[in-house]
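As a plain string of letters, each chain reads:
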Amino acid sequence: MEQRTINQTKISLIQGDITRQDTDAIVNAANPSLMGGGGVDGAIHRAGGRAILEQCKEIVSKQGRLPTGKAVITSGGNLKAKYVIHTVGPIWQGGTKSEAELLTSAYQQSLKLATEHNLESISFPSISTGAYGYPVEEAAQVAIKAVVSFLRKEATSIKEVVFVLFDSRTYEYYRSALEEISEEYNAEKSAI
Ligand code: ADP
């Protein structure tokens, strides 16, 4: 396990299955229909049960499909986590279609929603790097930067952010991104 602290919030990385996390919320890499799907989305709906899908349906009937980069919250159903935050990452289209901005937004809108609900801990999967095809090395940099810059700028109830990476290759890319970005952060801090 790898760990860093930014403004009193701990960022940790683990290799594992996000459906087993007991943080206040887990984040789902959903698609705009919010009707479930493959990958982490399917795993969360399978483990969490019908209640999550029912709430997703209600959200879509009220506000329509969820745009890329936005986030909504439901209960955690049968999961250990009390809430699931559903966000939609970008589909990789070569890097020139605002993918990095949209991925940053998916992480930061999720953190904002968790803060509005006064949550203290949240787990993220590696959004967009499965079926959506975002190269993991780049996505890891964007993901860590998005979280670190949110924690530096915003007042938040969140005390712990956990990245739950499914495979060792993904874990390694996130580990180097966290090392690199937190070193930059510490260098800046000690220069002040
Ligand atoms: P996307 O459509 O956003 O690319 P995917 O679910 O296809 O989402 O993949 C995102 C990442 O989630 C991939 O790294 C995949 O290996 C990982 N993943 C799949 N199942 C789980 C799980 N149960 N817990 C954590 N990560 C998972």
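The structure we're discussing is the one just above.
These numbers come from a predicted model, not from an experiment.

Draft legend 1. Just the layout of surface pockets, in detail. Quantified by volume, the largest pocket comes out at close to 580 Å³. As for the largest pocket, its lining consists of 28 residues, and the residues nearest its centre are A29, G39, V40, S126 and G130. Residue composition of the lining of the largest pocket, by class: 13 nonpolar, twelve polar and three charged.

Draft legend 2. Layout of helix α5 (residues 168–191). The terminal C-alpha atoms of α5 lie 35 Å apart, and with 24 residues this matches the ideal 34 Å at 1.5 Å per residue to within 8%. Of all the positions in α5, only T170, Y171, Y174, A177, L178, I181, S182 and Y185 are classed as buried. Packing partners of the buried residues in α5 comprise β1 (2–6), β2 (9–15), α3 (99–116), α4 (136–153) and β7 (160–165).

Draft legend 3. Broad picture of the nonpolar core. Counting 40 residues, the largest nonpolar core has Y107, I122, F124, F163 and Y174 as the members making the most contacts within it. Going through the elements one at a time, β2, β3 (25–29), β4 (71–75), α3, β6 (121–124), α4, β7 and α5 are the ones with two or more residues in this core. Of the residues forming this core, the biggest block, eleven residues, is contributed by α4. Formed by 17 residues, the second largest nonpolar core is a distinct cluster that contains A30, L66, A81 and V88.

Draft legend 4. Structural context of the pattern of salt bridges. Applying the stated criterion across every chain yields a total of ten salt bridges. Linking K10 and E160 is a salt bridge whose minimum nitrogen-to-oxygen distance equals 3.8 Å. Taken together, the residues K10 in strand β2 and E160 in strand β7 connect sequence positions 150 residues apart. A relative accessible area of 23% means that E160 is categorised as partly exposed. We note a salt bridge from D24 to K82, for which the minimum N-O separation is 3.1 Å. Placement of D24 in the loop between β2 and β3 and of K82 in the loop between β4 and β5 (83–87) is noted, with a sequence separation of 58 residues between them. Accessibility expressed as a relative area gives 15% for D24, which makes it buried. In this structure K82 comes out as exposed when scored by relative accessible area, which is 52%. Counted as one network, the salt bridges with shared partners bring together E172, R175 and E179.

What counts and how
Residues numbered from 1 in each chain as written. Predicted model: local features only at pLDDT ≥ 70, side-chain atom pairs only at ≥ 80, totals over all residues. Heavy atoms only, no water. 1 Å grid on protein atoms, 1.4 Å probe; cavity = no way out; pocket = protein on both sides within 12 Å on 5 of 7 lines; lining within 4 Å. Points joined across faces, edges and corners; volume = space filled by probe spheres on them. Nonpolar A, V, L, I, M, F, W, Y, C, P; charged D, E, K, R; others polar. Helix = DSSP H or I, 4+ residues; strand = E, 2+ residues; numbered from the N terminus. Expected span 1.5 Å × (residues − 1). Buried < 20%, exposed > 50% of the residue type's maximum accessible area, 1.4 Å probe, protein only. Contact = heavy atoms within 4.5 Å. Core = buried A, V, L, I, M, F, W, Y, C linked by side-chain atoms within 4.5 Å. Salt bridge = Lys/Arg side-chain N within 4 Å of Asp/Glu carboxyl O.

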